[in-house]
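Spelled out, the chains give:
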Amino acid sequence: MKKTISTAKTTTVRTRNFKIKTRTTTTTTEVIVEEEPMAPAVDEPIEPTPAVEVKEEPVEPTPAVEAVTAKLFYEVMPERYGWGEFTLGGGTGKFEKVVTSSELLDALRDPNVFRIDVAADINLNDAELTTSSNKTVISSNGSILRNLRWRIKAENILLMNLFLTESKDDLITLDGARNIYIKNCTFDSQFGLPYIKHPKTPNLGATEEEVKEALKQWATMDRTGWEQNVIDGQIDIINSKNVTIDSCLFANHDKVSLVRSGTDNLSIINTVYRNTFQRGPQSTGKVHFANNVYEDVKYGMRSIEEGNYLAEGNMFFRTERINRNSTSHPTAYGQIRNSFTEDCKAFDQPLEPPLSLLWEPYQFYNFEVKTPSKELAAQIIKNAGQVLHL
């Protein structure tokens, strides 16, 4: 290859059958520079230069209200446990969003509406709610239901992320119900008052004046006052089967829950009883209490009639009596094992059932009971009650 060093003019020529040539000319000489072969020819497509691939870390999408409410409702909910584990609620059926009491009442009664989103605070004004079977009722934005009496005589009902307060009767009554799952619901009868865990414990979220006022109110409030304010229970269960209460919060109440004749196969797991007086719960039939937390409770569990409960892995803080035996029911049995206690008082050992009536949860379903501790209690408290606020 020859070269001439001079000021030159350069042109590029592409031939049909040969290679790309660069022709450089000056006034004195001509230089031909041949380069390495390049393909393809003019009449063939030229492959583009491959782009540099830039890999980015995936970004998790932020969930929106519509994305949650439009999803298959039982997919929003984590895996179910206990005797109510086969509850599917409304599945993929017709969906309706409600913001008024009349809309809620109509949707609950309508057998063609399967999924309901309570999208606003609703005062039911002491109306009684009835429900057709195969329903999912959820609040995707953390709404509150007030002054209600909800009687469920139905099957396959899933309730999630509801806040229920203020009633002249039971907030919820399961009456002859089957396959019920209640998840992350709050039952609070003193909604609006700061919760005082203990005089020695700081009350997070309340001002000093609010704490003083709340202490004054609780100091002057006797049980008669409670019954004037809240007449009955937060949830009563009558003649019902295959029910799970999971990660719920029962707070600020006298007689929390009465599980009555004919009820069997009830699981209460990962649930918090806070500042309650009695019936946490008072039960008959086979009941499994596992990994629940009791804070500032007068009386915890109690077995009546033909009751036969098994309590394991529960945590008790400042509880006066973990179990309250029934002297009027000689066939009311219970078992308590592997508990964590702190600042508790009397402990009535329940009457252990005879060998023929002993039972274990693993005979019926799978649920891993975790070792009770203060750390586990803090985790359960954090995740209990209404938690989803989009």
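Residues numbered from 1 in each chain as written. Predicted model: local features only at pLDDT ≥ 70, side-chain atom pairs only at ≥ 80, totals over all residues. Heavy atoms only, no water.

A.B. asks: Just to check I follow, could you spell out the overall build of the chain for this structure?
C.D. replies: Looking only at helices and strands, the chain features 6 helices and 26 strands. A buried classification covers 47% of the 390 residues belonging to the chain. Relative to all contacts within the chain whose residues are 6 or more apart in sequence, the contacts with residues 24 or more apart total 49%. Element-wise, carbon and sulfur atoms account for 50% of the exposed surface of the chain, whose accessible area totals about 20,400 Å². (Helix = DSSP H or I, 4+ residues; strand = E, 2+ residues; numbered from the N terminus. Buried < 20%, exposed > 50% of the residue type's maximum accessible area, 1.4 Å probe, protein only. Contact = heavy atoms within 4.5 Å. Areas by Shrake-Rupley, 256 points an atom, 1.4 Å probe, with all protein chains shown as cover.)

A.B. asks: How should the confidence of the model for the chain be read in this particular structure?
C.D. replies: Detailed reading of the predicted model is not advised wherever pLDDT is low. Taken as a whole, the chain shows an average pLDDT of 78; of its residues, 69% reach a score of 70 or greater. Residue range residues 192-205 is modelled with pLDDT below 50. Its contacts to residues more than four positions away, or to other chains, number 26 contacts. Every residue in residues 222-230 is under pLDDT 50, and counting partners more than four places away or in other chains gives 16 contacts. (pLDDT = per-residue confidence, 0-100.)

A.B. asks: Before we go on, may I ask you to explain the pairing of strand S8 (residues 144-152) in this structure?
C.D. replies: In this structure, strand S6 (residues 122-130) lies alongside S8, joined through 6 bridges in parallel fashion. Of the residues in S8, the one forming a bridge with Leu129 is Trp150. The sheet contact formed by S8 and strand S10 (residues 163-165) spans 3 bridges and is parallel. Each bridged residue has a counterpart across the sheet, and for Ile144 the counterpart in S10 is Phe163. Across 3 bridges, S8 lies against strand S11 (residues 172-175) in parallel orientation. Following the sheet pairing, Arg151 is matched in S11 by Thr173. (Pairing = 2+ DSSP bridges.)

A.B. asks: Explain the state of the cysteines here, please?
C.D. replies: Tallying each qualifying case throughout the model produces 0 disulfides. We note that Cys185 lacks a disulfide partner, and the nearest cysteine sulfur, in Cys248, lies 5.0 Å from it. (Disulfide = S-S within 2.5 Å.)

A.B. asks: Help me understand unusual backbone geometry in this model?
C.D. replies: Trans peptide bonds make up the majority, and among non-glycine residues the majority have a negative phi. The omega torsion of the bond from Gly280 to Pro281 falls at -15°, within 30 degrees of zero and hence cis. Along the chain, Pro281 falls in the loop between strand S19 (272-278) and strand S20 (282-283). Of note in the backbone geometry, Asn134 takes a positive phi value of approximately 60° without being a glycine. Summarising the element assignment, Asn134 is placed in the loop between S6 and strand S7 (135-138). Its relative accessible area of 33% is what places Asn134 among the partly exposed residues. Positive phi values are uncommon outside glycine, yet Asn184 reaches one of about 50°. Tracing the sequence through the fold places Asn184 in the loop between strand S12 (178-183) and strand S13 (186-188).

A.B. asks: Would you take a moment to explain the sheet that holds strand S23 (residues 308-312) for this structure?
C.D. replies: Strands belonging to one sheet form pairs held by backbone hydrogen bonds; the direction of such a pair is parallel or antiparallel. Taken together, 10 strands build an open sheet; the order of strands is S4-S5-S7-S9-S12-S15-S18-S21-S23-S25 and the sheet is parallel. The open sheet has two free edges, formed respectively by strand S4 (95-98) and strand S25 (333-337), since each of these has just one partner strand. Adjacent strand axes in the sheet meet at a mean angle of 10°, parallel and antiparallel pairs treated alike. Against the sheet, helix H3 (residues 101-109) makes contact with S4, strand S5 (115-118) and S7, and its axis sits at roughly 155° relative to S4, the strand it touches most. (Axes fitted to C-alpha atoms, helices over the stretch in contact; angles between N-to-C directions.)

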